[in-house]
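# Summary of structural features
Below are the chains, spelled out letter by letter.
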Amino acid sequence: MHESVMFPVAYCQRCGSTQLAGRDLDASGAWVHRCVRCDHQVEPPDRRFSVTSVTALGYTFDEDDGGCGGGGCSSCASRSS
Ligand SMILES: [Zn+2]
């Protein structure tokens, strides 16, 4: 179901490659976009990548780590004392 999720990406000059872009406020309170890897300011994202494409850039997602989606939430239920 996460295949439909798209992430904004932009070319980061410092990294020299396409990276995920996150939105942030600069010192004057204006919206800017920053490379999530090195925090360098980047151009506003003009593309969106799917999870598969973002993973190919070297990012990882901990989708299967302790989530409630797959196992009937047994790990959460066992927390009650
Ligand atoms: Zn960067």
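Below: a short report on this structure. (Residues numbered from 1 in each chain as written. Predicted model: local features only at pLDDT ≥ 70, side-chain atom pairs only at ≥ 80, totals over all residues.)

## What to know about the nonpolar core
What tends to happen in soluble globular proteins is that the nonpolar side chains get buried as a cluster. Listed in full, the 8 residues of the largest apolar core are Val9, Ala10, Cys12, Leu20, Ala21, Cys35, Val42 and Val54. Looking at this core, the elements with two or more residues in it are strand S1 (6-12) and strand S2 (17-25). Beyond its immediate chain neighbours, meaning those up to four positions away, cysteine 35 contacts Cys12, Arg14, Cys15, Gln19, Ala21, His40 and Val42. (Core = buried A, V, L, I, M, F, W, Y, C linked by C-beta atoms within 7 Å. Buried ≥ 20, exposed ≤ 12 C-beta atoms within 10 Å, placed from the backbone. Helix = DSSP H or I, 4+ residues; strand = E, 2+ residues; numbered from the N terminus. Contact = placed C-beta atoms within 7 Å.)

## A look at the sheet that holds strand S5 (residues 47-50)
Pairing is antiparallel across the open sheet formed by 5 strands, whose spatial order is S4-S3-S2-S1-S5. Sheet topology places strand S4 (41-42) and S5 at the edges, where each strand pairs with a single neighbour. Sheet topology note: the S1/S2 ladder contains 4 bridges and is antiparallel. If you follow alanine 10 over to S2, its bridge partner there is glutamine 19. (Pairing = 2+ DSSP bridges.)

## Structural notes on unusual backbone geometry
The bulk of non-glycine residues show a negative phi, and the bulk of peptide bonds are trans. A positive phi angle, close to 75°, is found at aspartate 39, a residue other than glycine. Here aspartate 39 is to be found in the loop between strand S3 (31-35) and S4.

## A look at the pairing of S1
Here S1 runs beside S5; their pairing, made up of 4 bridges, is antiparallel. Residue phenylalanine 7 lies in a different strand from S5, and its bridge partner there is phenylalanine 49. The hairpin formed by S1 and S2 contains 4 residues between the paired strands, and glycine 16 there has a positive phi angle of roughly 75°.

## Comments concerning the environment of proline 45
Inspection of the secondary structure assignment puts proline 45 in the loop between S4 and S5. On the basis of neighbour count, proline 45 is assigned to the partly exposed category, with 19 C-beta atoms found within 10 Å. When the C-alpha positions of proline 45 and arginine 23 are compared, they lie 9.7 Å apart, and in sequence the two are 22 residues distant. Setting aside anything within four residues of it in sequence, one finds proline 45 in contact with Pro8, Val9, Ala10, Ala21 and His33.

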